[in-house]
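Observations on chain architecture
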Amino acid sequence: MSIKYTKSNHPTHNKNNNKPIWECPWGYEESYLIGFSLIFIGFMLEFFGNGNIAPKLIFPNNIYFGTIYVLILILAYVFFRNTKPLKWFVAVPTAISSLVLIIVLVMIMGIIPQDVSYGGDLINKFGLNRMTTNWTFFFILFYFLSALGFITIKRTHQLIIKKDDFNIRNIGFVLNHFGLWFAIIIAVLGANDIQHLKITIDENKPYNVATNNEGKDVSLDFFITLNKFTVKEFAPKLAIVDNVSGKILHNNGKNLFEITDSLSYIFKNYSIEVSEYIENSAPIGKKYASVYQMGSLPSAKIKVTNTLNTESTEGWICCGNFMYQYQSLKFSKDYSLLMTMPEVKHFESKVTFFSKTDLQKQIPIEVNKPYDFGGYKIYQLGYEEKKGKWSEYSILELVKDPWLNTVYFGLYLLLAGTLILLLTGKRSSK
Amino acid sequence: MIWIEFKTYYIIAVLFWLLALIILWFPKFNKSKKANIFSVIFSLLGGVTIVLFTYFLWIELDRPPMRTLGETRLWYSLFMPFIGVAIFIKWKYKWFLSYSLLMAVLFLTINLLSPETYSKTLMPALQSPWFVPHVVVYIFAYATLAASSLVAVKSLLFKSKYSETITLADNLVYIGFSFLSFGLIFGALWAKEAWGHYWTWDPKETWAFLTWAVYLIYIHFRINNATQSKTSLYILMVAFAVLIICWFGVNYLPTTNYSVHTYTKY
Ligand code: HEM
């Protein structure tokens, strides 16, 4: 280790020394005092600032800001590294207290829903429901990033100038700390350059106007045509419902079964049997017939036999949708059978993109499989949920994040550092 | 159906582990050197039983069995005996192996008593090559970190030798924390593919970050080895509380409804 702490000079021992506050070397007390002052100032700015939220930096100002910030850190290290404040900045208590402060703010974020329409006056006044744009978060993040930055610069410097320090552990250290520092700085400063656009498309028409988060139209320099939109569903499930409470009975988890042609099972003294299952059907009188058209839906013919007296009930059930009513089957005073709405298994848009210079035909886009075109990553976002598999349109999301690979670069370094951490373990003491 | 079979696997695994525990603790057996070998073997056999069950469940469901809370508990019980055996072989801690087996039994018992519907459905967002590595790495991290907290609790309650305790805790945290970092970053890379952004401060993400950050505090707090301070042990316990909120508790916080990824209830 570069700094050799003994019991008496280690910063974490300040507590035991009964050192007056602010007398060097600084330790935990000073760190928290600085941190909580920043939090206080942040919240005051929120409270009295009439909703003036922390500034949003966009290109190229974020690059200027980031460069100047990093330069200041490096210069401060170069010129002041032997001064007391900088020694304090690179010490462990500062790292820990800045982490604690971050945790406090993030915990607020994890408890209070981050939605500006949530909460009463106080939550709104202090901006607790939008922590990421809160002045307080902004200050603490910079305190944290500066602590992390200084130690990263210091240890990188030592790695370069000291022969002894060039070992796998110290390389791991630099990878971890630099990777995290770099990824967070880029992610934070680049956040406002990210574009999220939504576009709703019907089949066979070319579209080139999407809407952004503020609901404004943005025209694209290429066209998108939906060739075909398909939704595949899982088979619906058969549920037993208590007639009085209306609740689905769980029966030790053995209740909900995917409906198939041959499903049969025993519930208490009832034998339940699916005699017919139609994936696409429509009601005709009291029955259901196989039909494939807008609105057709699954239905099943069920036979329930009471094993005690061999009486049986037979009838059709169906889950219902935007066109047809659901149909349940009451088979005793207490219980009915119900078909649950089928869950979505897969949905996919086949689309064609064309711009002045490029044409990509029949590209499938589905969840977890976005496609790159015209500088955007294009995602399958949604569809007309009310109509389910008969949806007449598809919603795509177009995302442009110019900083993505830069952030990923930091994350990959962090991963490499983590691997080293895993393999080398803790530096042994003494 | 599959749940009925689970009882069989459960009984077999628990019997193996019971045998392991008896050999480990009964004075009659534990004098001989062979005893250790046998308790290791029985612990592993119990573990393999759960591996087999998980394997058949995976096939039966036709999807990775990682979607529900109960399924994550199953994975936890799967990892525990192996972690316990590894630590036992390295450090010869009987109590640690016993604890691992008992935790596995506890989690499997919860699953037996409150079975979930083993639904085959898997929502599109989960249908991704990231699903398996993300969850497996995470549950492994949870299992290791839970073990580190137990080490801390044991040390606080029974006043065992500090240096021994803390070395084991450090090792477990370094392993667990590394896996936690992998899980977190895998999750971010996956979120980018599935939802268009790698980090949205969704409640689950927020608590995953908090868990990670508290263990980071432990790691840094421990850099100075000079003290015998109990604070490190308390940090471990706080860290575990945060981990539990992240794993189970997020489902009950006011922020839940804003989350796109809480575990499905059925
Ligand atoms: C990915 C996250 C991180 C990992 C894995 C990590 C890991 C480590 C490890 C293993 C050490 C001690 C061993 C050594 O000296 O080589 C260490 C030291 C340190 N870390 Fe971190 N750390 C992380 C994040 C942070 C953050 C966020 C900060 C500050 C805000 C920080 C500040 C420090 C400081 C000040 C030291 C002491 C270095 C010295 O005295 O030379 N670390 N870190």
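About the cut-offs
- Residues numbered from 1 in each chain as written.
- Chains lettered and ligands numbered in written order.
- Predicted model: local features only at pLDDT ≥ 70, side-chain atom pairs only at ≥ 80, totals over all residues.
- Heavy atoms only, no water.
- Pairing = 2+ DSSP bridges.
- Helix = DSSP H or I, 4+ residues; strand = E, 2+ residues; numbered from the N terminus.
- Domains from an automatic or database assignment.
- Contact = heavy atoms within 4.5 Å.
- Buried area = accessible area lost by both parts, 1.4 Å probe.
- Donors = N, O, S within 2.8 Å, 3.2 Å for Na, K, Ca; no water.
- Tetrahedral: all angles 85-135°; square planar, octahedral: opposite > 155°, others 65-115°.
- Buried < 20%, exposed > 50% of the residue type's maximum accessible area, 1.4 Å probe, protein only.
- Expected span 1.5 Å × (residues − 1).
- Axes fitted to C-alpha atoms, helices over the stretch in contact; angles between N-to-C directions.
- Parallel < 35°, antiparallel > 145°, perpendicular 65-115°, else oblique.
- Left-handed = near helix turned anticlockwise from the far one by under 90°.
- Nonpolar A, V, L, I, M, F, W, Y, C, P; charged D, E, K, R; others polar.
- Near = heavy atom within 4 Å.
- Polar contact = N/O pair within 3.5 Å; in protein donor to acceptor, adjacent residues only side chain to side chain.
- Patch = residues over 30% accessible without salt bridge, like charges linked within 9 Å, V, L, I, M, F, W, Y side chains within 5 Å.
- Areas by Shrake-Rupley, 256 points an atom, 1.4 Å probe, with all protein chains shown as cover.
- Salt bridge = Lys/Arg side-chain N within 4 Å of Asp/Glu carboxyl O.

What follows is about the sheet that holds strand β11 (residues 329–330) of chain A. Pairing is antiparallel in the open sheet, where four strands are placed in the order β5-β4-β12-β11 (chain A). Every other strand in the sheet has two partners, leaving β5 (257–258) and β11 of chain A as the edge strands with one partner each.

All names here are of chain A. The assigned domain composition of chain A is domain 1 (7–166), domain 2 (195–232 + 345–400) and domain 3 (235–342). One C-alpha centre belongs to domain 2, the other to domain 3, and the line joining them spans 37 Å. With five residues of domain 2 at the interface, the matching set in domain 3 holds eight residues. For the pairing of domain 2 and domain 3, the buried interface totals around 560 Å² over both sides, and the portion due to carbon and sulfur atoms is 67%.

Residues and elements named next belong to chain B. Structurally, chain B comprises domain 1 (1–121) and domain 2 (125–266). Each of domain 1 and domain 2 was reduced to a C-alpha centroid, and the two centroids are 22 Å apart. Across the boundary between the two partners, domain 1 contributes 22 residues, which contact 26 residues of domain 2. When domain 1 packs against domain 2, close to 2300 Å² is buried across both sides, 81% of that on carbon and sulfur atoms. It is Met66, Arg67 and Leu69 in domain 1 that bury the most area against domain 2; as a group they hold 26% of the surface buried on that side.

What follows covers the coordination of the iron atom of the ligand. At the metal site, the iron atom of the ligand is ligated by His177 of chain A (NE2) and His220 of chain B (NE2), and these contacts range over 1.9 Å. Geometry at the iron atom of the ligand is octahedral, judged from the six donor atoms that bind it and their angles of 85 to 179° at the metal. Here His177 of chain A, found in helix α8 (residues 168–190), pairs with His220 of chain B, found in helix α8 (residues 203–221), and the two come from separate chains. No difference in accessibility class separates His177 of chain A from His220 of chain B, as the two residues are buried.

Attention now goes to helix α5 (residues 92–111) of chain A. For α5 of chain A, which comprises 20 residues, the first-to-last C-alpha distance of 28 Å matches the rise-based estimate of 28 Å (1.5 Å per residue) to within 8%. α5 of chain A sits mainly inside the fold: 14 of its 20 residues count as buried.

Any two packed helices are characterised by the angle at which their axes cross and by the distance between the axes. Residues and elements named next belong to chain A. At a minimum axis distance of 10 Å, the contact between helix α3 (residues 61–80) and helix α7 (residues 135–161) shows a crossing angle of 55°. Taken together, α3 and α7 sit at an angle that is classed as oblique. In this structure, α3 meets α7 at a crossing whose hand is right-handed. Together, Phe65, Tyr69, Leu73, Ile74, Ala76 and Tyr77 of α3 and Phe142, Leu145, Ser146, Gly149, Phe150, Ile153, Lys154 and His157 of α7 make up the contact between the two elements. A class-by-class count of the residues in the contact of α3 with α7 yields ten nonpolar, three polar and one charged.

Close to the ligand lie 23 residues; Arg155, His177 and Arg427 of chain A together with His220 and Ile223 of chain B are nearest. Here a nitrogen atom of the ligand sits 2.6 Å away from a polar atom, N or O, in the side chain of His177 of chain A. Listed by contribution, the elements that provide at least two residues to the shell around the ligand are α5, α7, α8 and α9 (404–424) of chain A together with α7 (162–195) and α8 of chain B.

So, on to a nonpolar patch on the surface. Residue and element names in this part refer to chain B. Taken together, Val48, Val51, Leu52, Tyr55, Phe56, Ile59 and Phe82 make up a surface patch of nonpolar side chains, about 590 Å² in accessible area. Checked against the element boundaries, Val48 lands in helix α3 (residues 33–61). By relative accessible area, Val48 is classed as partly exposed at 38%.

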